There are 2 protein chains.
Amino acid sequence: MGAHSSSLSLSTANITTDYSSLFPRKSKPKPKPNPNSTFSPTIEINLLKPTCSFISQNSCLNNSTCPSSKIVPLRCAKVGFMETQEGSTSKSIIEFHSIDEELVQKIVYDALVWCSLHGLVVGDKSVQRSGAVPGVGMVHAPFALLPATFPESHWNLACEVAPIFNELVDRVSLDGKFLQDSLSRTKKVDVFTSRLLDIHSKMLEINKFEDIRLGLHRSDYMLDEETKSLLQIELNTISASFPGLSCVISELHRSLLKHYGEHLALDSKRIPTNAAANQFAEALARAWSEYNNPRAVVMVVVQPQEHNMYDQHWLCAILKEKYNVTAIRKTLAEIDEEGELLPDGTLLVDHQAIAVAYFRAGYAPTDFPSEAEWRARLLVEQSLAIKCPSISYHLAGTKKIQQELAKPNVLERFLDNKEDTAKLRKCFAGLWSLDESDIIKRAIERPELFVMKPQREGGGNNIYGDDVKENLLRLQREGSEEDAAYILMQRIFPAVSPALLVRNGICHKDHAISELGIYSAYLRNKDKVIINDKSGYLVRTKVASSNEGGVAAGFAVLDSVYLN
Amino acid sequence: MGAHSSSLSLSTANITTDYSSLFPRKSKPKPKPNPNSTFSPTIEINLLKPTCSFISQNSCLNNSTCPSSKIVPLRCAKVGFMETQEGSTSKSIIEFHSIDEELVQKIVYDALVWCSLHGLVVGDKSVQRSGAVPGVGMVHAPFALLPATFPESHWNLACEVAPIFNELVDRVSLDGKFLQDSLSRTKKVDVFTSRLLDIHSKMLEINKFEDIRLGLHRSDYMLDEETKSLLQIELNTISASFPGLSCVISELHRSLLKHYGEHLALDSKRIPTNAAANQFAEALARAWSEYNNPRAVVMVVVQPQEHNMYDQHWLCAILKEKYNVTAIRKTLAEIDEEGELLPDGTLLVDHQAIAVAYFRAGYAPTDFPSEAEWRARLLVEQSLAIKCPSISYHLAGTKKIQQELAKPNVLERFLDNKEDTAKLRKCFAGLWSLDESDIIKRAIERPELFVMKPQREGGGNNIYGDDVKENLLRLQREGSEEDAAYILMQRIFPAVSPALLVRNGICHKDHAISELGIYSAYLRNKDKVIINDKSGYLVRTKVASSNEGGVAAGFAVLDSVYLN
């Protein structure tokens, strides 16, 4: 472990938490209300004495989060409101005051209009074709009405480490043996990782080397209330979502605070500029330019049904408008069908040369329903196209590698600068493999302090509470290799704050936790680092469920940062 | 009649036409393909030999327009295409060439994405709450893929007459006796007009005079192929729709031509700047400013369900962003419930002083389901709030007044400038009341050259073809006053051009006709004219149905202008 001793941070932790994403891709730890919270909420709402006389025209969208919802007709039938989880933070020391409810209703209405006019939209899963045809079945993206507060010092740290993580990923990606060795036990029990490793092995065998390397990453953090530290949840090296919509939500919040900030005592200038979409588009454009074939295009590798397509379209729109670079969209199955490798290594898909293959699919086992998709993934990797990510960048972002890098003296193998390694370590949560017997013993004794995370991506599979103990005991009894499919992580206890979460036109007052993601872009060509910088940010805010140990039903919403 | 003799223009007309709006508010004449058309189409598509190998994932949305549709699965399941009315212009002298269909598919996809990201949206009637709650159940507004060609000379004329029509409306509105007298027979047979006249009478009785008068108008035109003249269909003085979305569709076309113009031999610079939204918002803001109460708001009078709300929201967003003027939305029923007239004439609604009442409802009998709505309309009229429109502006825009103004020497009662009256007359189609026996005789002989239009608004009630004859004969037999409920209008034969109409994510190749609307704003305070100018434009394009005499099922789409 790094500079933060796990035993220190864990010994003071006494409340279990619970968390997962609405857009279920990556798994997260989950919090529950913290009685010692000092993480001041931006919004003060009297949740103990609900005065919300508002509204819903719709039934509860998410039964798991609104067992106590009060739904009454909305005046003007404009905007819906509901209370969820009322009283769940009765222990909170935060003194909530009421925001004028009519004001909230106005802000929600304005926000919904703003989303509609400014492309803060997603496909509505309940509408046919909404995942395939743009322009039909749109609904506003779920959003927090106001930005989430983060202390500036932690924000600065998260920004500072972004280029260091970029560099780390690049260095790790070059160490094929480290990747293969670290994942060798996982390979035996996790078919998905095994197939990725096979592709990686093939590339090692043919000495495939990527001169031009492009990373579009997002490092996710939570503020741990116990240790007052910013702890990394995971580093996404493939398909980091929402670089497009994150900028739009920041603009929404800035616009709302411009008009209502005075009433709320909030200053729109404290929402940091969010350049994620512009900078990701720029990185794609510059990678395209390095590829140096004016007739080649950027290929976005997509899922056949993509309700988050508008997030992707924002990047491609900027790519076209600002850089005049054309993007095409192809599924892995289409790439298998239409793809062709020329003798010189050029990847053609539907007769078009591909300069950059930008993966917004291919991160989960479900993206590979047949051999066709695996053939496509291999074809892309074998080609000269710039992969974002390459197979080695992809592997460098796995949980197992995250855990290996957290071991003592491992970072130093990849990074020379001691300041840099110290900064990274500051952000490392406790991470262990299941062959560390002292930690297993401790986790069986105090399971509430740990999360068991499967190496496999896809979200929603984390194990909490007594289930940690039971699973560890079972694995010990069975003595199987299955333990290699998991890592253990320190359980993080984020601050719980009141929030107004708007989904499907309905505003929910609730207690919520927030996760900060920092986007960063990395581009190099041989020895020349062309881009290495943070690009922007995303906050996802979610009901702090008291459903400990279970998998919270999705209700994360897009959010932005308010610095204090 | 005016400078254009009706007998001349009618005697050369030999093809019947048919037209109505998708957004059924105002009734229109309807065309059918014209074998002598010389109005060159912008788009050249081989419709006689359909090579379109594209797509629909959806069933036909509009059965009446696609009896011959070919629907085959779309590659990539991205965008749908269908052929409608194929071969319907087989007599056309225009030589269609093929646009590359893959290119069309790309442009359609890009256009759909563009709509989604830039707020070119409407509520999807098939989704619950989409007419009441912003941000839910959105679908791209139906649009023409490329702008409609208009000759620059006609465009210039339409722009030139806009301020003259504004002035005319204002002058006519001041002549209460003219309005009452002209509509006296209509009053007996049309309950809706009668109620409006009652309000008008009450205002005359109390000598109510509006110092500040605001008009946000749209004058609609079609190019008559027979006479090569631009003929006015109607002048909308109440609730002129699409000032918001018309600007966005112009931007869409400009963006598409920027990227694809070279392939299509079209120049984005030939799409005129469209400032309708900005200028209507400015007019509202300046009217608000003339009202001179910083705490007062603009009230948009809306229908309880409004699927075109985003068009309205665009105006209000600009009003807020650019002029920091707040708008509220109220239905007539809400105004009745929450409205209050202070002794000084101030209109309060929900305790807020109303500076401007901007009607986007109240133009059709269906907007007044009970006495409550009529009480609200009267309340607003009695108040000091600036009405857009006032009752007299509203009446000045009725078809009967349009017809009265077209009589010889009537324009001269209101306008001094001979050049101005001559310009207006150029745009007048033949218009007659049903007490002109020689015209009735002629219409019974040649019904295909006339349209019978009910005075009542609401659209879809125009009478064409043999039905004109039958109805006129019936009215003669019955000798009732019912004839006063109608006017007769020269039937206009607009050019038919091939077009690509996109609705609900599906592109239809078809033959279409276009109607040009010119927005104009007028604001005066006592003797001072503050604004009198054209503001922008809208084109609505619609399948040229061969269903002669019937009411075409709605399939008008938003379009913009390409000057040639």
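Residues numbered from 1 in each chain as written. Chains lettered and ligands numbered in written order. Predicted model: local features only at pLDDT ≥ 70, side-chain atom pairs only at ≥ 80, totals over all residues. Heavy atoms only, no water.

- Looking at an unreviewed UniProt entry, chain A carries the name Glutathione synthetase, with the source organism given as Jatropha curcas.
- According to the UniProt record, the Subcellular location (unreviewed entry) comment for chain A is "Plastid, Chloroplast".
- What UniProt records for chain A under Catalytic activity (unreviewed entry) is the sentence "gamma-L-glutamyl-L-cysteine + glycine + ATP = glutathione + ADP + phosphate + H(+)". (UniProt positions renumbered as here; feature names shortened; annotations may be inferred.)

1. Description of unusual backbone geometry
1) Next: With an omega of 10°, the peptide bond running from Cys388(A) to Pro389(A) counts as cis.
2) Next: Turning to its location among the elements, Pro389(A) is positioned in the loop between strand 13 (386–388) and helix 12 (391–396).
3) Next: Positive phi values are uncommon outside glycine, yet His351(A) reaches one of about 70°.
4) Next: By secondary structure assignment, the location of His351(A) is in the loop between strand 11 (347–349) and strand 12 (352–359).
5) Next: Of note in the backbone geometry, Asn409(B) takes a positive phi value of approximately 65° without being a glycine.
6) Next: Within the element layout of this structure, Asn409(B) appears in the loop between helix 13 (399–405) and helix 14 (411–414).
7) Next: Under the relative-accessibility criterion, Asn409(B) is labelled exposed at 58%. (Helix = DSSP H or I, 4+ residues; strand = E, 2+ residues; numbered from the N terminus. Buried < 20%, exposed > 50% of the residue type's maximum accessible area, 1.4 Å probe, protein only.)

2. Structural notes on the relation of the copies chain A and chain B
Superposing the two chain copies requires a rotation about an axis and a translation along that axis.
1) Next: Of the transformation placing chain A onto chain B, the axial shift is 0.1 Å and the rotation is 180°, giving an RMSD of 0.0 Å. Such a combination of turn and shift is consistent with a two-fold rotation axis. Proximity to the rotation axis, assessed at the C-alpha, singles out Met138(A) in chain A; its C-alpha lies 2.4 Å from the axis.
2) Next: Taken together, the interface assignments show that 100% of the residues at the interface of chain A recur at the interface of chain B, consistent with an identical surface on both copies. (Least-squares fit on C-alpha atoms with pLDDT ≥ 70 in both. Contact = heavy atoms within 4.5 Å.)

3. Some details on the domain arrangement of chain A
All names here are of chain A.
1) Next: Examined at the domain level, chain A breaks down into domain 1 (101–429 + 492–563) and domain 2 (430–491).
2) Next: Listed by partner, the interface residues are 29 residues for domain 1 and 25 residues for domain 2.
3) Next: Summing both partners gives a buried area of about 2,400 Å² for domain 1 against domain 2, and 56% of it is carried by carbon and sulfur.
4) Next: Of all residues in domain 1, the largest losses of buried area upon contact with domain 2 belong to Arg 185, Lys 399 and Ala 429, amounting jointly to 27% of the total for that side.
5) Next: Our enumeration of links across domain 1 and domain 2 arrives at four salt bridges. (Domains from an automatic or database assignment. Buried area = accessible area lost by both parts, 1.4 Å probe. Salt bridge = Lys/Arg side-chain N within 4 Å of Asp/Glu carboxyl O.)

4. Overview of the nonpolar core
1) Next: The biggest cluster of nonpolar side chains holds 318 residues, and the ones touching the most others in it are Leu145(A), Leu214(A), Met299(A), Leu145(B), Leu214(B) and Met299(B).
2) Next: Those residues within four positions of Leu214(B) in sequence are excluded, and the remaining contacts are Ala283(B), Leu284(B), Ala287(B), Val356(B), Ile386(B), Lys387(B), Cys388(B), Pro389(B), Tyr393(B), Tyr522(B) and Leu523(B). (Core = buried A, V, L, I, M, F, W, Y, C linked by side-chain atoms within 4.5 Å.)

5. A short note on the sheet that holds strand 16 (residues 486–490) of chain A
Residues and elements named next belong to chain A.
1) Next: In spatial order, the strands read 14-16-15; together these three strands make up an open sheet with antiparallel pairing. Of all strands in the sheet, those with a lone pairing partner are strand 14 (431–433) and strand 15 (450–454), marking the two edges. Strand-to-strand twist across the sheet, computed as the mean angle between neighbouring axes with direction ignored, equals 30°.
2) Next: As paired strands, strand 14 and strand 16 are joined by three bridges and run antiparallel to one another. Looking across to strand 16, one finds that Leu 431 is bridged to Met 489. (Pairing = 2+ DSSP bridges. Axes fitted to C-alpha atoms, helices over the stretch in contact; angles between N-to-C directions.)

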